[in-house]
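The lines below spell out each chain.
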Amino acid sequence: MPVTNINDLPTVYNASETEQKIYKFWEDNGFFKADSKSAKPPYSIVIPPPNVTGVLHMGHALDETLQDILVRYHRMSGYETLWVPGTDHAGLATQNVVEKQLAKEGLTRDDLGREKFLEKTWEWTNQHKSTILDQCKRLGASFDRSRERFTFDQGCSDAVKEVFVRLYEKGLIYKGAYIVNWCPRCQSAISDVETEYETEQGHLWEISYPVKGESGAIIVATTRPETIFGDVAIAVHPDDHKYSELVGKTVVIPLSGREIPIIADEYVDKSFGTGAVKITPAHDPNDFEVGKRHNFSPIWVIDEQGKMKACGEVPPEFHGLDRYEAREKILGMLSYKNFLLRTKDHEHNVGKCQRCGTTIEPLLSEQWFVKMKPLAQEAIKAVKDGRIKFIPDRWEKNYLGWMENIRDWCISRQIWWGHQIPAYYHKVTGEMVVAKENPDPQNYVQETDCLDTWFSSALWPFSTMGWPDTKSDDFKKFYPTTTLVTGFDIIFFWVARMITMGLEFTGKAPFSTVYIHGLIRDEKGQKMSKSKGNTIDPVVIIDKYGCDALRFTMTSLCTFGGQDIKISDERFEYGRNFANKIWNASRFVLMNLDGVDNNDIDFDKLTIADKWILDKLNSTAKEVNEDIQNYRIGETAHVLYDFFWNSYCDWYVEIAKIQLTDESVKLNTQRVLRYVLDMTLRLLHPIMPHITEQVWQLIPKQTDFKAIMLADFPIYKESLEFAAEAKEMELVFETIKSLRNVRQSFNISMAVNFNITIHAPKEEKAIFEAIESYIKRMAKVENISYSDELDFEVKKSATAVVSASKIVIPLENLIDFNEEIARQNKKLEKLTNERKSLEGRINNPKFVANAPADLINTTKARIEEINTQQTAISRLIGSLSS
RNA sequence: GGGCGUUUAGCUCAGCUGGUAGAGCGUCUCCCUUACAAGGAGAGGGUCGGGGGUUCAAGUCCCUCAACGCCCACCA
């Protein structure tokens, strides 16, 4: 750590120059490395692994910052702290990226074949794997890169196989033909949570199906006419009298001529449409259930590309047509042949692929599923009995609601990049074996499907700790992890599944607290997205304002309720300005330390101001600890901002300037300045790691710790509590403020010095004498005289009433006394209003009977105080007016 | 259809367990006072969405209405 000459420090903090240098210092010294053999209590977090294809965005910046704050706080608070970094192989996303690259060369993945394609994808992955974590370094993330993991690395893959086989053996994984959400573009099944519904303006078409052998027909309403060739029946409600005659009869599918029966099923809603529904088991989840109940074989008419199948049931002229083209053509022909009776506008929800936005095709196909109901039981219990706590707790409801209605999880994906399902089929008999390894490569071939990326993510908290080796040092020391930090958008995708798998395979909840933060939005409250072009690049912000500025601003915007956060470029000025304030205040302190190299404050020599700032520091430390422990991280930022800027800089440093000129207290003042700066930097370090480290390293002879990031985090100390003196300081503030107010009100330049007379009762006079120097310097007072006369005539003066005393500022030619009267009247009015409402309370017998004693006392005391001040001001006005 | 969230100063938002409202930015006045103009000092600004209730006391608890936003489910 190169130490700069203090006098050469620039007056404007140069964040970008400092930050990378500081990060390197930490990294080179291995300060982020956790020791699994340590005797300290563990604190661990696993990063929500960003996609390898990802580029750092504001969401990461927030998520990583919050984790880093928790990690740094606990590291400084005596925990052996591990933050595991890593990335997600992101099956489909990564495959798409590589396929796009191939497309540029005019190739498809099929041209390469599975093995070559995987080779290429690994190549791409290895090239990009560290990009996003390297970007996280710019965020100051203190994760342990020596433990970096990848959801598709050897260890994670072993864990996946182990879990898959065990679940299968327990009967919790099965393979079967069910309706799944099929994305025709991705060419794969996707799970329910990956399907997003959008309301679209569509149509409801009423189509007539002629009854066989009769002149009548049944009219069916549908939103998807292209599936008519897959119909296996028409269903009506059993109690629907309109149709009771028709049940059991046969109708003819228009255009194709295939014959199907009319059946009765409770699923049908009599009041919707025409009350008659076409049943297409291969292409609709509800129809599939109806079909099963009535023993119909499904008929596929749309293929995996979303095109009409070239099969016997589909008339040849439609073969190979895209589903939407087919729809138009079918409607045209139905209309031409008078089968289409009516077209109504109809608003309905259409499923879209979360990844690419393509309309989902519900498709009956053979897929692998995890039976979730039995697994969910323990996961529900763990949250209900408090083993896992959500912050804010309203997300528990959300989680439980989903878990209690959990549906089976479709885990197979028809892609190549991912964990290939460990099932093997006999080449001849087709017999299936589920095992970690191929039992006999000569005769068995592996299942071609891969697993949903979230399958491996679900194991992340324990697969990264060496599981299935439960004897590994990391697993023993750091599993279960402590806190999980993430956004609410992946509670179902990820959090719920980690809880489920963690409990099933380790018997322990994978973390005890789930800290859910809001999402980052643009200044209008819209979600940031590349397509909208409203994204803000964290790296650009860091270059412009600095990492600490970014962190501080974002942290200060975090609310306890976990609201979404709206940001714009300019908001980061807040953090930048604060960083600059820290820089300059620190510069002042360092320049005035004269090499004072310890924090050995002489408690017998403390001035009232010293005691006040120590007391304030102490209560700030107390609150910061409580706030972080309770995940009130935004509050932490506010408390520290207020303490550092308003208490330390605006008051204490100004007062210290006076004390430094007094040889009798100079050294002690330097020590207090130093101590408070040192402790405040530590308190700020989790939020603003770089600047605090840089400044801390410049404080003379910091020998106890190598870095602030390893220093002890300040906690509340009884020895630093000075309640009485802290209260006395209020008199200083009040006095100075009211004198400044007088100056400003009458437009008196700071260059003009006052003489003042303080009319004070005995007990207050002593305090004023003790703080005289502060008043003189900070309110630009030349000379102070005292009087014990409290009842006096005021002439040609402005007066400030402070506590029980009156301060008279003679201003003969400087002011307009009508203005002074007006000023005093305004004050009087304020006091009168306050008094009225307080008296209203105290005169209410019910208030006296019910309110706590100390509230009654303070109310009475306040009325008393107002009373004296009112009397004083009234007299002033009287004597000024005469 | 069910659930959740939001509504507080011109703007963006804080306000934990109920005790007469706070910050940042912006506005108005002064000031380049030897750490900082990314700064200092002072000032102005709110019937806390509407209505009702509980309480000595409500922005804070309960009910209700309204607007906006989100999540889940889903009728072809």
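Source: prediction; values computed, not measured.

Conventions used here
Residues numbered from 1 in each chain as written. Chains lettered and ligands numbered in written order. Predicted model: local features only at pLDDT ≥ 70, side-chain atom pairs only at ≥ 80, totals over all residues. Heavy atoms only, no water. Pairing = 2+ DSSP bridges. Helix = DSSP H or I, 4+ residues; strand = E, 2+ residues; numbered from the N terminus. Axes fitted to C-alpha atoms, helices over the stretch in contact; angles between N-to-C directions. Contact = heavy atoms within 4.5 Å. Disulfide = S-S within 2.5 Å. Buried < 20%, exposed > 50% of the residue type's maximum accessible area, 1.4 Å probe, protein only. Phe/Tyr/Trp six-rings, centres within 6.5 Å; stacked < 30°, edge-to-face > 60°. Core = buried A, V, L, I, M, F, W, Y, C linked by side-chain atoms within 4.5 Å. Near = heavy atom within 4 Å. Polar contact = N/O pair within 3.5 Å; in protein donor to acceptor, adjacent residues only side chain to side chain. Nonpolar A, V, L, I, M, F, W, Y, C, P; charged D, E, K, R; others polar. Lys, Arg positive; Asp, Glu negative; His and termini not counted. Salt bridge = Lys/Arg side-chain N within 4 Å of Asp/Glu carboxyl O. Expected span 1.5 Å × (residues − 1). Parallel < 35°, antiparallel > 145°, perpendicular 65-115°, else oblique. Left-handed = near helix turned anticlockwise from the far one by under 90°.

1. Considering the sheet that holds strand β23 (residues 513-517)
If you walk across this open sheet you meet the three strands as β15-β23-β22, and the pairing is parallel. The open sheet has two edge strands, β15 (389-391) and β22 (483-487), and neither has a second partner. Across the sheet, the axes of successive neighbouring strands diverge by a mean angle of 20 degrees, strand direction being ignored. Where β15 lies against β23, three bridges are found, and the strand directions are parallel. Bridge pairing links I391 to Y515 in β23. Packing of helix α2 (residues 58-76) onto the sheet brings it into contact with β22 and β23, and relative to β22 it is tilted by some 160 degrees.

2. Concerning the sheet that holds strand β13 (residues 340-353)
Here we have three strands laid out as an open sheet, ordered β8-β7-β13, and antiparallel in their pairing. Only two strands of the sheet have a single partner each, and these edge strands are β8 (217-222) and β13. Sheet twist, expressed as the average angle between the axes of neighbouring strands with direction ignored, equals 20 degrees.

3. Details of the state of the cysteines
As enumerated under the stated definition, the model contains zero disulfides in all. In this model C450 remains outside any disulfide bridge; the closest cysteine sulfur is found in C410, 13 Å from its own.

4. Here's the deal with the pairing of strand β9 (residues 233-236)
Burial along β9 is two-sided: A233 and A235 and I234 and V236, pointing in opposite directions, are all buried. As paired strands, β9 and strand β12 (residues 276-279) are joined by four bridges and run antiparallel to one another. Following the sheet pairing, V236 is matched in β12 by A276. Pairing geometry for β9 and strand β11 (residues 259-264), over three bridges, is parallel. Paired with V236 across the bridge in β11 is A264.

5. A few points about the packing of aromatic side chains
Summed over the entire model, instances satisfying the criterion amount to 45 aromatic pairs. Where Y174 meets F369, the ring centres are 5.4 Å apart and the plane angle is 20 degrees; that geometry is what we call stacked. One end of the pair, Y174, is in strand β5 (residues 173-183); the other, F369, is in strand β14 (residues 361-370), with 195 residues separating them in the sequence. There is no split in this pair, since Y174 and F369 are both buried. Seen in terms of ring centroids, Y178 and F288 are 6.3 Å apart; in terms of plane orientation they differ by 65 degrees. Their pairing is edge-to-face. Residue Y178 is located in strand β5, and its partner F288 is located in helix α8 (residues 285-293); the two are separated by 110 residues in the primary sequence. Residue Y178 is classed as partly exposed on the basis of its relative accessible area of 31%.

6. Remarks on the pairing of β23
For β23, a buried count of five out of five residues is recorded, marking the element as mostly surrounded by other parts of the structure. With burial as the criterion, each face of β23 is covered, one bearing T513, Y515 and H517 and the other bearing V514 and I516. In the sheet, β22 pairs with β23 via five bridges, with the strands oriented parallel. Within β23, the residue paired with V485 across the bridge is Y515.

7. What to know about the nonpolar core
With 202 residues, the main nonpolar core has M58, F390, F455 and Y648 as its most contacted residues. With 15 residues, the top contributor of residues to this core is helix α20 (residues 633-659). By size, the runner-up hydrophobic cluster in this structure holds 38 residues, among which are A235, Y243, I302 and V314.

8. Concerning the protein's contact with RNA strand B
Taken together, 57 residues sit near RNA strand B, with N286, N349, R587, W645 and Q744 positioned nearest. Restricting the count to atoms of RNA strand B within 4 Å of the protein gives a sugar and phosphate share of 58%. A distance of 3.4 Å separates a phosphate oxygen of RNA strand B from a polar side-chain atom of R407. When residues of the surface near RNA strand B are traced back to their parent elements, those giving at least two are β13, α11 (394-404), α18 (573-591), α20, α23 (723-745), α26 (817-842) and α27 (845-850). Here the surface near RNA strand B gets ten residues from one element, more than from any other, and that element is α18. Of the residues assigned to the surface near RNA strand B, the class counts are 21 nonpolar, 16 polar and 20 charged.

9. A few points about the side chain of E80
Within the secondary structure layout, E80 lies in strand β2 (residues 80-84). There is no salt bridge for the buried E80, and the closest opposite charge comes from K40, which lies 4.0 Å off by N-O distance. Engagement of the side chain of E80 in a polar contact is seen with the backbone nitrogen of D35, the distance being 2.7 Å. At 3.1 Å, the side chain of E80 forms a polar contact with the side chain of S38. If near-sequence neighbours (up to four positions away) are discounted, E80 is found in contact with K33, A34, D35, S38, K40, P41, P42, Y43, K477 and F478.

10. Concerning the side chain of Q694
Following the sequence through the fold, Q694 ends up in helix α22 (residues 689-698). When near neighbours in sequence (up to four residues on either side) are disregarded, Q694 contacts T18, K21, I22 and W583.

11. Some thoughts on the pattern of salt bridges
Evaluated as defined, the whole model comprises 48 salt bridges. The shortest N-O distance in the salt bridge between R551 and D68 comes to 2.8 Å. Pair noted here: R551 is in helix α17 (residues 547-556) and D68 is in helix α2, with a separation of 483 residues, a long-range link. Note that R835 is salt-bridged to E839, the shortest N-O span being 2.8 Å. Of this pair, R835 and E839 both sit in helix α26, separated by four residues, roughly a single helical turn. One continuous salt-bridge network, built from bridges that share partners, spans R224, E226, R323, R327 and E361.

12. Concerning the environment of E226
The topology assignment puts E226 in the loop between β8 and β9. Placed 468 residues apart in sequence, E226 and Q694 show a C-alpha to C-alpha distance of 68 Å. Sequence-distant contacts of E226, that is, excluding residues within four places in its chain, are made with V301, I302, M308, R323, R327 and I330. At 2.9 Å, the side chain of E226 and the side chain of R327 are in polar contact.

13. So, α26
Taking 1.5 Å as the rise per residue, α26 with 26 residues should run 38 Å; its terminal C-alpha atoms sit 37 Å apart, in good agreement. If you check which residues of α26 are buried, you get F817, E820, I821, R823, Q824, L828, L831, L838 and I842. In this fold, the buried residues of α26 make contact with α23, β28 (797-802), α27 and α28 (853-881).

14. Thoughts on the packing of α18 against helix α21 (residues 663-684)
Close contact between α18 and α21 brings their axes to 11 Å; oriented N to C, the two are set at 155 degrees. In terms of orientation, α18 and α21 fall into the roughly antiparallel class. Of the two possible hands of crossing, α18 and α21 adopt the one that is left-handed. Within the contact between the two elements, α18 uses F578, I582, S586 and V589 and α21 uses L673, R674, L677, L681 and L684. Among the residues forming the contact of α18 with α21, the class breakdown is seven nonpolar, one polar and one charged.

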